[in-house]
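Each chain, letter by letter, is given below.
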Amino acid sequence: MKVRLKIWRQPNAAAPGRFETYDTPDLNPNMSFLEMLDVVNEDLTARGQEPVAFDHDCREGICGTCSLVINGKPHGPHRGVATCQTYMRSFKDGDTIVVEPFRARPFPVIKDLIVSRKAFDKIMQAGGFISVRTGAAPDANSLPVPKPAADEAMDAAACIGCGACVAACKNASAMLFVSAKVSQFALLPQGQPERERRVLRMVQAMDEAGFGACTVTGSCEAVCPKNISLDFIARLNREYARALLKGG
Amino acid sequence: MKLQSNIPSGPLAQKWDKHRFELKLVNPANKRKYEVIVVGAGLAGASAAATLGELGYRVKNFVYHDSPRRAHSIAAQGGINAAKNYQNDGDSVYRLFYDTIKGGDFRAREANVYRLAQVSVNIVDQCVAQGVPFAREYGGLLDNRSFGGAQVSRTFYARGQTGQQLLLGAYSALCKEIAAGSVQSFTHSEMLDLVVVDGQAKGIIVRDLITGKISRHSADAVVLATGGYGNVFNLSTYARNSNATAIWRAYKRGACFGNPCYTQIHPTCIPVSGDYQSKLTLMSESLRNDGRIWVPKKKEDCRKDPNSIPEEDRDYYLERLYPSFGNLAPRDISSRAAKRVCDEGRGVGESGLGVYLDFADAIKRLGEQKVRERYGNLFDIYHEITNENAYRTPMRIFPAVHYTMGGLWVDYNLMSNLPGLFVLGEANFSDHGANRLGASALMQGLADGYFVIPYTIGNYLAAQKPGSCPKTDHPAFKEAEENVVGIIRRLLQARGKRTVHSFHKELGRIMWDHCGMARNEAGLKRALELIPALREEFWHSVNVPGSEADLNQSLERAGRVADYFELAELMCRDALERRESCGGHFREEFQFPDGEAKRDDENFAHVAAWEYQGPDKPPVRHVEPLVYEEVKMTTRSYK
Ligand SMILES: Cc1cc2nc3c(=O)[nH]c(=O)nc-3n(C[C@H](O)[C@H](O)[C@H](O)COP(=O)(O)OP(=O)(O)OC[C@H]3O[C@@H](n4cnc5c(N)ncnc54)[C@H](O)[C@@H]3O)c2cc1C
Ligand code: FES
């Protein structure tokens, strides 16, 4: 199979970008989408052109490095997978595929398809942790955690921090990302001592980084490669209200 | 040069306690006068940076990733070992120690491994306190599973995402310290050289991957936690960007490289399917808890629908050959067994390079729901990649490069022969001997970072005068920076015709064929001719587009591949000199009639540590004898 790509090229954050069109060499439908880009890049390099810069690392949907908006959808056509887990068999011979970077004000483009997601680290530094010193921990089984709570905390903790939720949101809201971390800790007994402080600080950091408000359209959940549920946003709202009441 | 392992005297079980008492301490008020560079934020680097920050040192942390949370540790699936004995099934610190020593085919240091087993229990406590959502039983207590090479259940896990959860725990600790101002985090920053002043590691040279800017950083000590070097083989289960540059360039500054030929080939990966393939995907070893491995008994059945092959025509070869460990035989042994049946022509799948991992019995016994609960995400990954449903037809798996036991040589304090240079996690050679057991890398990374380096680095720093660390205008920094710039310019100026990737692929092929699952003298000698020739061609005809003053992924890759060429040669050299088979290092000339690895304890019960001698001279092979005071070296048997 062959496809035509319209890829966003942008030399750096300051320079303007535009779409370039590339016709791929012959492809195997079992290739991953990123392997297809590898092939295109090999081809560009061989022809003396600069390859397309794109982010990737684990290529198995866990590191959260790959991004890309494919035909208007962050992480491409399928639910519950990242770009690196998208395969060419999802497209048809002769298709035109539009490939863009994640677009959101807090995620400036660095080059071509690569954006900066430093804003997420900032939010985590504001409160995405339990303050426990190394060596100060009690025996692991001294604190039983009911299985349903542990399982739900794990559902939230599965977030890979890719930022697709932000890219999908018309307001560039980071609520799904923040709610996942807040919920994980709020559900666990270990997270209780800093429960109010954490949510207030993370929400404040999120606002300061320029992420927009959540209007619960659910577009974030629809593109999340880990199927993080919108219910966690509801929980975040409750946690936030509760913390305000308690005065953090 | 004499390699000093600095193993404390006294009975094995008391060495670490005694040593901790004897180590010099840095007084709390003085700690903030010391600067420590930590390169890497995987399990080892993040845990070390966070803990050193907590202690009061001024820490600078460097990663090439866009965020510390993306280190390759994130991809670990199966679990982490700890000698908690929560299952009451006979586990103990001693048993974990013994299993690890034996699993490593008696090629690791007793004292290091014992310490690892001791602190394993603290790691799980620490992670739980950080909010790591480990799997739990209905009573609310922690659940365990079994991993290869062990007959007890001591592996803690968080679904199939244990590495992710442990790393996010360590990353959260790091975030806390960054917020507190004790750790300064440098992302998109690649270390390209180590700076050695008067024989001691005192800084690094870094390239900003976005702007291309080169910068110098000095410190009282340098910690490398930069991961393993399995991507030498090109195709592996590693993240695409994992690389050897930090440790390789440190080696070229005088740090010895321990056992470079010890690589782990993991038995359960999704087989290679096409020429374009960019990476191999692991199917966690935990699957072997419930999955049964088999191939057809008859060659002519290999292309048939596996479900149509009757029970009596299947060869469950691991259960047949290793009845007491069965499908949980260690990785090196399982991988070689898979290779043998495929060599016999009984491999399955299109390429004939595959064996079945079958869950039909488990589904019958436990129900599909339970199997889904345990391994659902792995079945999903398998489905995405192969488009096959493993609940219905058995998975096809084949061995793939997965881990490197070798790495920079370190003493008991995790310090290299270069004073001031500490090496943690997969980047060092220390604890796994010639073969690593499953769920032990996560344990080692966190042991090194949370519980070993915080003590041992103090002993080194206590001997350094506060404020004595050299400034970055020292000639050694200038020289190192010029070296880095020189390499970059050479790569960009070659302006040849071949892409970096094509070289990497060819090198990987040479390594897989001659220095992979089975090695022999002729093959290794052949590789030692092929690699230098290919390297020559690389420097003449590599094509690296773009500029140095910009984000340039081709340039990043080119620098890494340039280092692989040299490292690959050292691996082959080491494999050639080690005239025995042990663990993951299988020399075809040295085997028992049944095909099991034949060690030579008389001549090779030692660590080989290679010292660089410059570009035109062969490296020198130093030897650190392995002394076994506690355990008896036996022929490893899992039968
Ligand atoms: C698919 C897979 C599954 C696994 N599953 C398990 C498991 O279940 N249990 C288990 O125990 N082990 C498992 N392992 C092994 C284990 O994950 C690794 O050995 C371990 O995580 C390595 O951790 P590390 O901290 O040493 O290095 P890494 O996690 O590789 O981190 C390296 C860090 O160094 C940085 N770095 C490297 N070079 C430079 C440089 N030059 N400049 C700046 N920064 C640099 C990187 O940015 C990164 O932060 C698995 C491995 C793989 C591949
Ligand atoms: S590359 Fe890691 S999630 Fe896609």
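What you see as residue numbers is a count from 1 along each chain, following the sequence as written. Written order decides the labels, with chains lettered from A and ligands numbered from 1. Owing to the predicted nature of the model, reporting of local features is limited to residues with pLDDT of at least 70; listing and counting of side-chain atom pairs is limited to 80 or more, with chain, interface and lining totals taken over all residues. The basis for every side-chain value is the complete set of non-hydrogen atoms in the structure, without hydrogens or water.

*Asks:* Before we go on, may I ask you to explain the pattern of salt bridges in this structure?
*Replies:* A side chain of one charge can pair with a side chain of the opposite charge when the charged atoms of the two come close. All names here are of chain B. Criterion for a salt bridge: a side-chain nitrogen of Lys or Arg within 4 Å of a carboxyl oxygen of Asp or Glu. Counting across every chain of the model gives 78 salt bridges over all chains. Residue Glu629 pairs with Lys15 through a salt bridge whose shortest N-O separation is 3.6 Å. On the criterion of sequence distance, the pair formed by Glu629 in the segment after strand 21 (620–625) and Lys15 in helix 1 (residues 15–22) is long-range, its members being 614 residues apart. For Arg154, the salt bridge goes to Asp91, with nearest N and O atoms at 2.9 Å. In this pair, Arg154 is assigned in the loop between helix 5 (110–129) and strand 4 (155–156) and Asp91 in the loop between strand 3 (80–81) and helix 4 (93–103), connecting sequence segments 63 residues apart. Residue Arg154 shares its accessibility class with Asp91, and that shared class is buried. Starting at the N terminus, helices and strands are each numbered in turn, a helix being any DSSP run of H or I of at least four residues and a strand any DSSP run of E of at least two. Each residue is placed in one exposure class: buried if its accessible area under a 1.4 Å probe, protein chains only, is under 20% of its type's maximum, exposed if it is over 50%, and partly exposed if it falls in between.

*Asks:* Looking at this structure, I do not really get helix 14 (residues 500–515) of chain B. What am I missing?
*Replies:* Two residues of an α-helix separated by three or four positions point the same way, owing to the 3.6 residues in each turn. An expected span of 1.5 Å times one less than the residue number is assigned to each helix. Between the first and last C-alpha of helix 14 of chain B there are 21 Å, a value that for 16 residues agrees with the 22 Å anticipated at 1.5 Å per step. Looking at the buried positions of helix 14 of chain B, the neighbouring elements they touch are helix 1 (33–46) of chain A together with strand 18 (498–499), helix 15 (521–541), strand 19 (542–543) and helix 16 (553–577) of chain B. Should any heavy atoms of two residues lie within 4.5 Å, those residues are considered in contact.

*Asks:* Explain the site of ligand 1 to me, please; I cannot follow it from the model alone.
*Replies:* If even one non-hydrogen atom of a residue comes within 4 Å of a molecule or strand, that residue is called near it. Surveying the vicinity of ligand 1 reveals 37 residues, the closest of which are His65, Ser73, Met191, Glu426 and Leu442 of chain B. Nearby residues around ligand 1 are contributed by chains A and B. Leu43 of chain B is positioned such that a nitrogen or oxygen atom in its backbone is 3.1 Å from an oxygen atom of ligand 1. Here a polar contact means two N or O atoms within 3.5 Å. Within protein one must be a hydrogen donor candidate and the other an acceptor candidate, and residues neighboring in sequence count only if both atoms are side-chain atoms. For ligand 1, an oxygen atom lies 2.6 Å from a polar atom in the side chain of Glu426 of chain B. Accessible surface is estimated by sampling points in the Shrake-Rupley manner with a 1.4 Å probe; for residues, cover comes only from the protein chains shown. Considered on its own, ligand 1 offers 1,000 Å² of accessible surface; in the complex 98% of this is hidden by protein. Here the shell around ligand 1 gets three residues from one element, more than from any other, and that element is strand 6 (residues 189–197) of chain B. Residue composition of the shell around ligand 1, grouped by class: 18 nonpolar, 15 polar and four charged. For this scheme, ten residues count as nonpolar: Ala, Val, Leu, Ile, Met, Phe, Trp, Tyr, Cys and Pro. Four count as charged, namely Asp, Glu, Lys and Arg, and the remainder, Gly too, count as polar.

*Asks:* Is there a simple way to explain the nonpolar core in this structure?
*Replies:* The nonpolar side chains of a soluble globular protein tend to be buried with one another. If you look at the biggest cluster of nonpolar residues, it comprises 246 residues, and the most contacted ones within it are Phe134, Leu224, Leu408, Leu421, Ile457 and Met511 of chain B. The dominant element in this core, judged by the number of residues it contributes, is helix 16 of chain B, at 13 residues. Ignoring any residue separated from it by four or fewer positions in sequence, one finds Leu421 of chain B in contact with Leu194, Ala201, Val222, Leu224, Ala250, Ala255, Leu408, Leu414, Met415 and Ser416 of chain B. Core analysis: the second largest hydrophobic core is formed by 27 residues, Leu5, Phe54 and Phe91 of chain A together with Tyr276 of chain B among them. Put simply, a nonpolar core is a bunch of buried Ala, Val, Leu, Ile, Met, Phe, Trp, Tyr and Cys residues held in one set by side-chain atoms that sit within 4.5 Å of each other.

*Asks:* Can you help me understand the sheet that holds strand 6 of chain B in this one?
*Replies:* Hydrogen bonds between backbone groups are what pair the strands of a sheet, and the pairing can be parallel or antiparallel. Residues and elements named next belong to chain B. Note: two strands are recorded as paired if DSSP finds a minimum of 2 bridges between them. Strand order in the open sheet formed by three strands is 6-7-8, and the pairing between neighbours is antiparallel. In the strand order of this sheet, the two ends are held by strand 6 and strand 8 (214–218), each with one partner. The average undirected angle you get between the axes of adjacent strands in this sheet is 25°. Relative to strand 7 (residues 200–208), strand 6 runs antiparallel, the two sharing eight bridges. Of the residues in strand 7, the one forming a bridge with Leu194 is Ile204. Axes here refer to lines fitted to C-alpha atoms; in helices the fit is confined to the stretch in contact. Angles between the N-to-C directions go from 0 to 180 degrees.

*Asks:* Hey, could you run me through empty space enclosed by the protein in this one?
*Replies:* One water molecule sets the probe size; rolling that probe over the atoms shows where empty space is left. Both cavities and pockets are sets of points on a 1 Å grid over the protein atoms alone; in a cavity a 1.4 Å probe fits but cannot get out, in a pocket the set is open with protein on both sides within 12 Å along at least five of seven lines, and lining residues sit with an atom within 4 Å of a point. Grid points are joined across faces, edges and corners, and a volume is the space filled by probe spheres set on the points. Inspection of every chain in the model, using the stated rule, returns 15 cavities of 30 Å³ or more. Size it by volume and the largest cavity reaches roughly 840 Å³. Lining the largest cavity we find 50 residues, and of these His72, Ser73, Gly227, Gly228 and Glu426 of chain B sit closest to its centre. Elements represented by at least two residues in the lining of the largest cavity include exactly helix 3 (43–55), strand 6, helix 7 (245–251), strand 15 (395–404) and helix 12 (441–461) of chain B. With four residues, the single largest contributor to the lining of the largest cavity is helix 12 of chain B. Of the residues that make up the lining of the largest cavity, three or more belong to each of domain 1 (12–24 + 35–262 + 405–461) and domain 2 (267–401) of chain B. The volume enclosed by the second largest cavity comes to roughly 170 Å³. Together, 15 residues line the second largest cavity, and Glu35 and Tyr87 of chain A together with Gln277, Lys279 and Ile385 of chain B are the ones closest to its centre. Delimitation of the domains relies on an automatic or database domain assignment.

*Asks:* Is there a simple way to think about the packing of aromatic side chains in this case?
*Replies:* Here the distance between the centres and the angle between the planes together describe a pair of aromatic rings. Centres within 6.5 Å make a pair out of two Phe, Tyr or Trp rings, where for Trp the six-membered ring is used; the pair is then stacked when the planes are under 30 degrees apart, edge-to-face when over 60, and tilted otherwise. Throughout the structure, instances matching the rule amount to 31 aromatic pairs over all chains. Ring geometry for Phe33 of chain A and Phe91 of chain A: centres 5.7 Å apart, planes at 45°, overall tilted. Residue Phe33 of chain A is found in helix 1, and its partner Phe91 of chain A is found in the loop between strand 4 (73–74) and strand 5 (96–100); the two are separated by 58 residues along the sequence. With respect to class, Phe33 of chain A is no different from Phe91 of chain A; both count as buried. Aromatic rings pair up to connect Tyr229, Trp248, Tyr251, Phe257 and Tyr612 of chain B into one cluster. Consider the ring centre and the ring normal. A charge sits over the ring if Lys NZ or Arg CZ is within 6 Å of that centre and within 35 degrees of that normal. Taking NZ or CZ as reference, Arg20 of chain B lies 5.1 Å from the ring centre of Tyr455 of chain B, over its face. Lys102 of chain B extends its terminal NZ or CZ atom over the ring of Tyr638 of chain B, reaching a point 4.3 Å from the ring centre.

*Asks:* Would you mind showing me how to read the confidence of the model for chain B here?
*Replies:* When pLDDT drops low, the exact placement of atoms in the prediction is not to be read closely. Residue and element names in this part refer to chain B. Considering every residue of chain B, the mean pLDDT works out to 96; 100% of them sit at 70 or more. Taking the mean pLDDT of every element in chain B, the minimum, 89, falls on helix 11 (residues 368–386) and the maximum, 99, on strand 17 (residues 421–423). As scored by the predictor, the complex reaches a pTM of 0.97 and an ipTM of 0.98. In predicted models, pLDDT denotes the confidence assigned by the predictor to each residue on a 0 to 100 scale.

*Asks:* In this structure, what is going on with the interface of chain B and chain A? I would like to understand it.
*Replies:* Bring the parts together and some accessible area is lost; that lost area is often taken as the interface size. At the interface, 72 residues of chain B touch 71 residues of chain A. Take the accessible area each of two parts loses on contact, using a 1.4 Å probe, and add the two losses: that sum is the buried area. Per-residue buried area on chain B facing chain A is highest for Arg70, Arg136 and Tyr276 of chain B; these three make up 12% of the total on that side. Between the two partners, chain B and chain A, sit five salt bridges. Close ionic contact of Lys84 of chain B with Asp139 of chain A constitutes a salt bridge, the shortest N to O distance being 3.0 Å. Applying the counting rule to chain B against chain A returns 41 residue pairs in polar contact (both at pLDDT 80 or more). Where the side of chain B that touches chain A is concerned, the elements lending two or more residues are helix 3, helix 5, helix 6 (162–180), helix 11, helix 12, helix 14 and helix 16 of chain B. Ranked by residue count, the leading element in the side of chain B that touches chain A is helix 6 of chain B, at nine residues. Residues of the side of chain B that touches chain A, tallied by class, amount to 28 nonpolar, 30 polar and 14 charged.

*Asks:* Please explain the domain arrangement of chain B as it appears in this structure.
*Replies:* Residue and element names in this part refer to chain B. For chain B, the domain assignment lists domain 1 (12–24 + 35–262 + 405–461), domain 2 (267–401) and domain 3 (475–604). Between the C-alpha centres of domain 1 and domain 2 the distance comes to 31 Å. The interface is formed by 24 residues belonging to domain 1 together with 25 residues belonging to domain 2. Counting each side, the surface lost to burial between domain 1 and domain 2 is near 2,000 Å², with a carbon and sulfur contribution of 54%. Within the side of domain 1 that touches domain 2, the residues separate by chemical class into eight nonpolar, 13 polar and three charged.

*Asks:* Where do I start with the domain arrangement of chain A in this structure?
*Replies:* Residues and elements named next belong to chain A. Partitioning chain A into structural domains gives domain 1 (4–111) and domain 2 (118–131 + 145–245). Computed from C-alpha atoms alone, the centre-to-centre distance between domain 1 and domain 2 is 28 Å. Its largest share of buried area at the contact with domain 2, domain 1 owes to Arg79, Pro106 and Phe107, together 34% of the area lost on that side. Put simply, domain 1 and domain 2 have zero salt bridges between them. At the junction of domain 1 and domain 2, the tally comes to one residue pair in polar contact (both at pLDDT 80 or more). Residues of the side of domain 1 that touches domain 2, tallied by class, amount to 10 nonpolar, four polar and three charged.

*Asks:* For this particular structure, what's the right way to read the packing of helix 3 (residues 147–157) of chain A against helix 5 (residues 175–187) of chain A?
*Replies:* When two helices pack together, you describe them by how their axes are tilted relative to each other and by the distance separating the axes. Residues and elements named next belong to chain A. Remark: helix 3 packs on helix 5, axes separated minimally by 8 Å, with the N-to-C direction vectors making an angle of 160°. Judged by the angle between their axes, helix 3 and helix 5 are roughly antiparallel. The handedness of the crossing between helix 3 and helix 5 is left-handed. Between helix 3 and helix 5, the residues in contact are Ala149, Glu152, Ala153, Ala156 and Ala157 and Ala180, Ser183, Gln184 and Leu187, respectively. For the contact of helix 3 with helix 5, the residue count by class is six nonpolar, two polar and one charged. An angle below 35 degrees is read as roughly parallel, one above 145 as roughly antiparallel, one from 65 to 115 as roughly perpendicular, and any other as oblique. Rotating anticlockwise by less than a right angle from the far helix to the near helix defines a left-handed crossing, while the corresponding clockwise rotation defines a right-handed one.

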